[in-house]
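# An overview of the molecular structure
Next come the chains, spelled out residue by residue.
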Amino acid sequence: MKGRTRVNHPPDVIVPADNRPLVAPIHQTVKFAFESLEETMRAYRGEREGYYYTRQANPTSRQLEKLLAELQGRDDCIALGSGAAAVSGCLLSLTRAGEHVLCFVETYAPTRQLIQGLLGRFGVEHTMLSIEDDAGIERVLAGRPTRLVWFESPTNPVTRIADIGRITRAAHAHGALTVLDNTFAGFHNHGQYGIDVFVHSLTKYASGHGDVMGGAIIARDELIRLMRRDTVLLGALLDPHAAFLVMRGMKTYYLRHEAQVASAARIAAFLNDHPAVAQVNYPGLASHARHALAREQMHDFGSVVSFDLEGGLEAARVFSDTLEFFAIAPSLGSVESLVMPAQLLKPRGLTAEQVAISAITDGTVRLSIGIEDTDDLIEDLDAALSRVSEA
Ligand SMILES: *Cc1c(COP(=O)(O)O)cnc(C)c1O
């Protein structure tokens, strides 16, 4: 065999079945081969185990899917190239023209834009309420056949809490599927409710290090089969190298989460006592409008804290620019702390009434708490708040 042939037919490395690597290997390959056409055809027809083409399935991505399904407490998972790919894949594969989707003013902005724009173009209608409008939710579901209720809890950035029990009961009474984008709360939360589909951005807490993007759809087998058919065709399955990085991040998911949540709780309490801060949004605070409900629904309250500065846009700018340990950057959930001032949070494409419902003001600031020393972070926040008061 000449070198130029050998490079494409490398020597086999056999890993015996009873000799497992402790870290799942990266199957960085697009194609998988069997010894014969017959076995290839059998695998293709689903008559035997095996892989064929990585756009359809890959063992590394599959490992991540199985892990995430189990952590969220559902049958199966589809891992995709970003959280947005999970959102769009789920929306496109579960709806058809003429159907109706119930979503919320507080819904993650790109999701809202997909529902308003792309789904709208394909003839899917929607109603948008506030996530706290329980009576309105029940009224809409009773009044109109609805395919999906799409929601988040806590919401971004003001950490509103959905009454998940009430929403799922109303949805199921009227034949609607519930989809919970559980990115903020995490895989260890909300599994006890009758949620049909969970969606996650793996870019956030799952990978945890801000170095890889991914998304996941988690549901019972029947729904995953339906969605896998379409999402494979949409072509956004997670790359095996990215799947490996997310899996590496997942090894420290619970440890990171615990540290970040503990730090966020202390920071929320600090902000709550500070005179320059008008209002703190953190479900773990007794002053949060739905603190009792959050306590009932969640194991912990997350590591996103938002608050309102008295001084509006200029105060938000001075505050963000003064911080040393918080980068002004999008995204959240990573090991490093981040800040997003109102200038970057202002909702677009909403009516004045909806903007009022969103409760995002000129002085709103969102913090994503990382794993730095909490005393350092509080000192940094204190210095920035003093600067705001001086200005
Ligand atoms: C970030 C985010 C997404 C989108 O995830 P990407 O990985 O950035 O595409 C979806 N939903 C929520 C709640 C998010 O925070």
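My aim in this report is to walk through the structure given alongside it, one point at a time. (Residues numbered from 1 in each chain as written. Predicted model: local features only at pLDDT ≥ 70, side-chain atom pairs only at ≥ 80, totals over all residues. Heavy atoms only, no water.)

### Focus on the pairing of strand S2 (residues 100–104)
In terms of burial, S2 is largely enclosed, as 5 of its 5 residues are buried. Here S2 runs beside strand S3 (residues 125–129); their pairing, made up of 5 bridges, is parallel. The residue bridging Leu102 from the neighbouring strand is Thr127, located in S3. Between S2 and its parallel partner S3, the chain crosses via helix H5 (residues 109–121), and the hand of that crossover is right-handed. In this sheet, strand S4 (residues 148–152) lies alongside S2 in parallel orientation, the contact comprising 2 bridges. When the bridges of S4 are listed, Leu102 appears paired with Val149. (Buried < 20%, exposed > 50% of the residue type's maximum accessible area, 1.4 Å probe, protein only. Helix = DSSP H or I, 4+ residues; strand = E, 2+ residues; numbered from the N terminus. Pairing = 2+ DSSP bridges. Right-handed = clockwise from strand over helix to strand, strands pointing away.)

### Some words on the layout of surface pockets
Its boundaries defined by the atoms lining it, the largest pocket holds a volume of some 710 Å³. Looking at the lining of the largest pocket, the elements that each hand over two or more residues are helix H2 (37–44), helix H3 (59–72) and helix H8 (221–234). Residues that form the lining of the largest pocket fall into these classes: 9 nonpolar, 3 polar and 10 charged. (1 Å grid on protein atoms, 1.4 Å probe; cavity = no way out; pocket = protein on both sides within 12 Å on 5 of 7 lines; lining within 4 Å. Points joined across faces, edges and corners; volume = space filled by probe spheres on them. Nonpolar A, V, L, I, M, F, W, Y, C, P; charged D, E, K, R; others polar.)

### Quick look at the nonpolar core
Ranked by internal contacts, the top residues of the largest apolar core, which has 43 residues, are Leu64, Leu68, Val149 and Phe151. Put simply, the parts of the chain that give this core at least two residues each are H3, strand S1 (76–80), S2, helix H6 (134–143), S4, helix H7 (164–173), strand S7 (215–219) and helix H9 (240–250). For this core, the leading source of residues is H9, giving 7 residues. In this structure, Leu285, Val305, Val318 and Leu381 belong to the second largest nonpolar core, which totals 36 residues. (Core = buried A, V, L, I, M, F, W, Y, C linked by side-chain atoms within 4.5 Å.)

### Focus: unusual backbone geometry
Residue Pro154 is bonded to the preceding Ser153 through a cis peptide linkage, with omega at -10°. Structurally, the position occupied by Pro154 is in the loop between S4 and H7. Residue Pro157 is bonded to the preceding Asn156 through a cis peptide linkage, with omega at 0°. The phi torsion at His190 lies on the positive side, around 75°, for a residue other than glycine. With respect to the element layout, His190 can be found in the loop between strand S5 (177–181) and strand S6 (197–201). Note on His190: relative accessible area 0%, which makes it buried.

### Notes on the sheet that holds S4
Taking strand neighbours across the sheet as the criterion, the 7 strands line up as S1-S7-S6-S5-S4-S2-S3 in an open arrangement whose pairing is mixed. Only two strands of the sheet have a single neighbouring strand rather than two, namely S1 and S3. Adjacent strand axes in the sheet meet at a mean angle of 20°, parallel and antiparallel pairs treated alike. Helix-sheet contacts for H6 involve S2, S3 and S4, and the interaxial angle to S2 is about 175°. (Axes fitted to C-alpha atoms, helices over the stretch in contact; angles between N-to-C directions. Contact = heavy atoms within 4.5 Å.)

### Looking at a nonpolar patch on the surface
Among the surface-exposed residues, Val30, Tyr44, Tyr52 and Tyr53 lie close enough to one another that they form a single nonpolar patch of about 390 Å² accessible area. Looking at where Val30 falls in the secondary structure, it is placed in the loop between helix H1 (3–6) and H2. (Patch = residues over 30% accessible without salt bridge, like charges linked within 9 Å, V, L, I, M, F, W, Y side chains within 5 Å. Areas by Shrake-Rupley, 256 points an atom, 1.4 Å probe, with all protein chains shown as cover. Salt bridge = Lys/Arg side-chain N within 4 Å of Asp/Glu carboxyl O.)

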